[in-house]
Amino acid sequence: MGKVAVIMGSTSDLPVMQDAIDILEGFDIEVEVDIVSAHRTPEKLFDYGKNAHNRDIQVIIAGAGGAAHLPGMIASLSPLPVIGVPVKSSNSIDGWDSVLSILQMPGGVPVATVALDGAKNAGILAAQIIGCSDKCVLDKILVYKEGLKEKVIEGAKKVQK
């Protein structure tokens, strides 16, 4: 089974990024979690980006607020798919700076970007990527999606008159 890395620029991002960790663990996917700051630990960022694939990681989820350079820099260094999570931080311009920094990547350096504080969807997307080559994970995603459908059907029954 594949492993997913969940990295973030600082510990203040963890409350948001925990949603990705939780959903991945719910799919029984091994998760590696670390703090990798693009601005404060650039040497660690370079090492992480260049070597994550050597540790059996298949997908990297990178969350960052403010200038949010972490996802793009990791994507520039790694051959792995990178999913960026813009985090609305205390120094953010209502989160838009993070969204645009991650979303507007140059050609050749893709970062799949989810919604502001959308770490749960990042975890689901990472699981779906792994599910392309792991039937066990794919089956769990199918069950999860069926559960989403059932919640909507049950909710509709409660409001219908």
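Residues numbered from 1 in each chain as written. Predicted model: local features only at pLDDT ≥ 70, side-chain atom pairs only at ≥ 80, totals over all residues. Heavy atoms only, no water.

In the nomenclature of an unreviewed UniProt entry, the protein chain corresponds to N5-carboxyaminoimidazole ribonucleotide mutase from the organism Autumnicola musiva. In its Pathway (unreviewed entry) section, the UniProt entry covering the protein chain states "Purine metabolism; IMP biosynthesis via de novo pathway; 5-amino-1-(5-phospho-D-ribosyl)imidazole-4-carboxylate from 5-amino-1-(5-phospho-D-ribosyl)imidazole (N5-CAIR route): step 2/2." Under the UniProt heading Sequence similarities (unreviewed entry), the entry covering the protein chain gives this text: "Belongs to the AIR carboxylase family. Class I subfamily." (UniProt positions renumbered as here; feature names shortened; annotations may be inferred.)

*Asks:* What should I look at first to understand the pattern of salt bridges in this one?
*Replies:* For side chains bearing opposite charge, pairing can occur when the charged atoms are close. A complete count under the given rule lists 7 salt bridges for this structure. The salt bridge involving D34 is made with K44; its shortest N-O contact spans 2.9 Å. Of this pair, D34 sits in strand β2 (residues 30-35) while K44 sits in helix α2 (residues 42-51), and the two are 10 residues apart along the sequence. Given the relative accessible area of 25%, D34 is considered partly exposed. Here K135 makes a salt bridge to D139, at a shortest N to O gap of 2.9 Å. Of the two residues, K135 and D139 are both situated in helix α6 (residues 135-159); the distance of 4 residues between them amounts to about one turn of the helix. Looking at K135, the relative accessible area reads 58%, which means it is exposed. Judged by relative accessible area, D139 falls into the partly exposed class, the value being 32%. (Salt bridge = Lys/Arg side-chain N within 4 Å of Asp/Glu carboxyl O. Helix = DSSP H or I, 4+ residues; strand = E, 2+ residues; numbered from the N terminus. Buried < 20%, exposed > 50% of the residue type's maximum accessible area, 1.4 Å probe, protein only.)

*Asks:* I'm lost on the side chain of D97 in this one. Help?
*Replies:* For D97, the position within the fold is in helix α4 (residues 96-103). One buried charged side chain, D97, makes no salt bridge at all; its nearest oppositely charged neighbour is K88, positioned 9.4 Å away. A polar contact of 3.2 Å, which involves the side chain of D97, links it to the backbone nitrogen of I93. (Lys, Arg positive; Asp, Glu negative; His and termini not counted. Polar contact = N/O pair within 3.5 Å; in protein donor to acceptor, adjacent residues only side chain to side chain.)

*Asks:* Explain the UniProt feature "domain: PurE" (unreviewed entry) in the protein chain to me, please; I cannot follow it from the model alone.
*Replies:* The UniProt entry lists residues 2-152 under the feature "domain: PurE" (unreviewed entry), expressed in the numbering used here. From the first C-alpha to the last, residues 2-152 spans 31 Å; its make-up is 46% helix and 19% strand.

*Asks:* Would you take a moment to explain the UniProt feature "binding site: substrate" (unreviewed entry) in the protein chain for this structure?
*Replies:* According to UniProt, the feature "binding site: substrate" (unreviewed entry) maps to S10, D13 and R40 in the numbering used here. Note that S10 resides in the loop between β1 (3-8) and α1 (14-26). Judged by its relative accessible area of 18%, S10 is buried. With residues near it in sequence (within four places) discarded, S10 still touches I35 and R40. With respect to the helices and strands, D13 occurs in the loop between β1 and α1. The class for D13 is buried, based on a relative accessible area of 3%. Discounting chain neighbours no more than four positions away, the residues touching D13 are M8, G63, A64, G65 and V87. (Contact = heavy atoms within 4.5 Å.)

*Asks:* Looking at this structure, how should I read the pairing of β1?
*Replies:* Regular strands have side chains that alternate between both faces of the sheet. Burial within β1 is extensive, with 6 of its 6 residues counted as buried. What you see with β1 is no split at all: K3, A5 and I7 on one side and V4, V6 and M8 on the other are buried throughout. Note: β1 against β2, 6 bridges, orientation parallel. Opposite M8, over in β2, you have I35 as the bridge partner. Each parallel crossover has a hand, and the one from β1 via α1 to β2 is right-handed. Where β1 meets strand β3 (residues 57-65), 6 bridges bridge the pair, whose relative direction is parallel. (Pairing = 2+ DSSP bridges. Right-handed = clockwise from strand over helix to strand, strands pointing away.)

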